[in-house]
Structures are given as C-alpha cells and as structure tokens.
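Each chain, letter by letter, is given below.
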Amino acid sequence: MMSGEPIRVLLIEDNLGDAKLIRRMLADAATANGQMHCYAVVWADRLATGLARLAQDETDIVLCDLSLPDSSGLETPRAVQNAAPALPVVVMTSQDDEENAVAAVQAGAQDYLVKGQVTAQMLSRSIRYARERKRTLAQLFRYSAELEQRNAELDAFAHTVAHDLKDPVAGIIGLTELLLDQQAQADAAELTETLNDILHTGHTMHNIIQELLSLIHI
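Residues numbered from 1 in each chain as written. Predicted model: local features only at pLDDT ≥ 70, side-chain atom pairs only at ≥ 80, totals over all residues. Heavy atoms only, no water.

(A) Highlighting the environment of Arg53. Inspection of the secondary structure assignment puts Arg53 in helix 2 (residues 47–56). With a relative accessible area of 32%, Arg53 lands in the partly exposed category. When the C-alpha atoms of Arg53 and Leu212 are compared, they prove to be 53 Å apart, with 159 residues separating the residues in sequence. Aside from chain neighbours lying at most four places away, what touches Arg53 is Leu10 and Val42. (Helix = DSSP H or I, 4+ residues; strand = E, 2+ residues; numbered from the N terminus. Buried < 20%, exposed > 50% of the residue type's maximum accessible area, 1.4 Å probe, protein only. Contact = heavy atoms within 4.5 Å.)

(B) Focus on a nonpolar patch on the surface. A cluster of nonpolar residues, Leu137, Leu140, Phe141 and Tyr143, forms a patch on the protein surface that exposes about 440 Å² of accessible area. Locating Leu140 in the fold gives a position in helix 5 (residues 120–182). Exposure remark for Leu140: the relative accessible area of 51% places this residue in the exposed category. (Patch = residues over 30% accessible without salt bridge, like charges linked within 9 Å, V, L, I, M, F, W, Y side chains within 5 Å. Areas by Shrake-Rupley, 256 points an atom, 1.4 Å probe, with all protein chains shown as cover. Salt bridge = Lys/Arg side-chain N within 4 Å of Asp/Glu carboxyl O.)

(C) Expanded view of the layout of surface pockets. If you add up the space inside the largest pocket, you get close to 200 Å³. Along its surface, the largest pocket is lined by Asp60, Pro85, Ala86, Leu87, Pro88, Arg131, Lys134, Arg135, Leu137, Ala138 and Phe141. The class makeup of the residues in the lining of the largest pocket is seven nonpolar, no polar and four charged. (1 Å grid on protein atoms, 1.4 Å probe; cavity = no way out; pocket = protein on both sides within 12 Å on 5 of 7 lines; lining within 4 Å. Points joined across faces, edges and corners; volume = space filled by probe spheres on them. Nonpolar A, V, L, I, M, F, W, Y, C, P; charged D, E, K, R; others polar.)

Here's what the structure looks like:
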C-alpha cells in the first residue's frame, strides 16, 4: 500500500528506450508487494535541459547517464551537484567500470548503477538509500559547521577569560611580594590593608571562575 507524496525523480537520459525502461521499472517497483512509495518521473534528454528543470521544478533525486549530447563522464554529476548541492544523485550508465564508479561517488554521486544489471527493486532501493545517505551527509556537514563555529566561539571566550584572569593573578602576585617585603618593618595596619587587597583580588578571580562555570553548565 503506497503512502505519502510521490518521490520526484529527474531522469537525465538521452536514450528514449532507456528512459522508457527506467520509467517502467519505477512503475513496477511502485506496485510491488510491500512498496510504500510511488515515483513521479520527469525526463530530460540532455544536461542543459535537466539543469533547466532543476531550476524550475521541485525534485527529490536525480538519475543521470554519463554519456549525453552536451556532457560526458563525471562532468554530468558534477554539474548537477553544483546546480543543486542538496539533491542526491544516482548515476545510471552502461559503463561497467569499477574505477569510474568510485570516481563518480567521489564526485558527489550517492550510487552508481549499470544498465542491464539493475532490477526494478534494486533501482527503487538505490533511490531510497541515496536519499537517506544524502540526508545523513547533510546532517554531518551541519554538525561539522556548528562544531567549527562553537570551537571558534570557545577559543574567543578562552582568550577573554585568560585576559580577565591575568590582571587579578598579577595583582595577587604583586601584593604578595609587597607583603613579603613589608612583613619585617610594616605595622599591623599596613599588613591588614595589603591582606585585604589580596582577599579582594581573590574574590574577583573567584567571581570570574564562577561565571565561567555557569556558562559551561558545570
């Protein structure tokens, strides 16, 4: 039983026969037992047409060939990724080449399928998995960007705290040295004043540390 909105597929394929076959495979997959998705396929016979479609229509995933009238090889998936970085891309080609498959994935494709070796269920599964992999990758990029920003903020905060603590520490050191110099000849009033200054500076440092701990929720 199908549920939800159809998965919108942009098929960039110059061979009409292959395009019809892929449409048929997705239609068959949608009616297979246990299949929960159907597919709305838009066909483009060249890269330029496909890119124009991406700019005009909402798309969930792109299936593309590597041999097109206006594009060849990895130029196609790269162009699609540049035009729509958030979209998953699955390469469908007649080139059964392991090195080419690895290069396609490195270029941004989520999967590499060889025509003639793919069943309707394999194609449907590849589309679903490609979408999930793309979502996961996007989340990782977001987490990485957030972590980088937080690290930058933490670095700036650490510099601020270090600066705020530097003066009180220097004050305590200076007052302690003064106290050591005074202890032989200073009277009780002078010693008390110096000790009070040290105590005040210590409280200042304590407050700074407490503010730091409250900011990091300790």
